[in-house]
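# Remarks on the overall topology
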Amino acid sequence: MAPSLNGKVISINAPNNFVIVDIGEKSGVRLGDNLSVYRDSKYIARLEVIQVRDDISAADLKDQWSKIKV
């Protein structure tokens, strides 16, 4: 994975513990990649990519220190 991808969480599925992000294969995201979630430069969560499309990815929420928001 490219070291400094910038994307946004566009959807959260809390009951199934996964999120959709607006970066995908075209941005260099690959299945199994770990993504870090930041809010105002504060690290709040770790995601693991479970599905990749051209422009979006689905990722399992692995660790969370603060609630993720869209």
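Anyway, here's the lowdown on the structure attached to this text. (Residues numbered from 1 in each chain as written. Predicted model: local features only at pLDDT ≥ 70, side-chain atom pairs only at ≥ 80, totals over all residues. Heavy atoms only, no water.)

Along the backbone of the protein there are zero helices and five strands. The N-to-C order of helical and strand elements in the protein reads β-β-β-β-β. Taken over the C-alpha atoms alone, the protein extends approximately 30 × 25 × 20 Å along its principal axes. Relative to its full complement of 70 residues, the protein shows a buried share of 30%. Restricting the contact set of the protein to residue pairs at least 6 apart, pairs at least 24 apart contribute 41%. Carbon and sulfur atoms make up 46% of the accessible area of the protein, which amounts to about 4,700 Å² in all. The positive charge centre, built from 10 side chains, and the negative charge centre, built from 9, are 6 Å apart in the protein. (Helix = DSSP H or I, 4+ residues; strand = E, 2+ residues; numbered from the N terminus. Buried < 20%, exposed > 50% of the residue type's maximum accessible area, 1.4 Å probe, protein only. Contact = heavy atoms within 4.5 Å. Areas by Shrake-Rupley, 256 points an atom, 1.4 Å probe, with all protein chains shown as cover. Lys, Arg positive; Asp, Glu negative; His and termini not counted. Charge placed at Lys NZ, Arg CZ, Asp CG, Glu CD.)

In this section: the packing of aromatic side chains. We describe a pair of aromatic rings using the distance from one ring centre to the other and the angle between the two ring planes. The tally for this structure, following the rule as stated, stands at two aromatic pairs. Ring centres of Tyr38 and Tyr43 lie 5.5 Å apart, and the angle between their planes is 55°; this geometry places the pair in the tilted category. Members of the aromatic cluster, connected to one another through ring pairs, are Tyr38, Tyr43 and Trp65. (Phe/Tyr/Trp six-rings, centres within 6.5 Å; stacked < 30°, edge-to-face > 60°.)

Further remarks concern the pairing of strand E1 (residues 9-13). By the bridge criterion, four bridges tie E1 to strand E2 (residues 18-21) in an arrangement that is antiparallel. In the sheet register, Ser11 faces E2, and the bridge partner there is Ile20. The turn linking E1 back onto E2 is made up of four residues, and Asn17 within it adopts a positive phi angle of 60°. (Pairing = 2+ DSSP bridges.)

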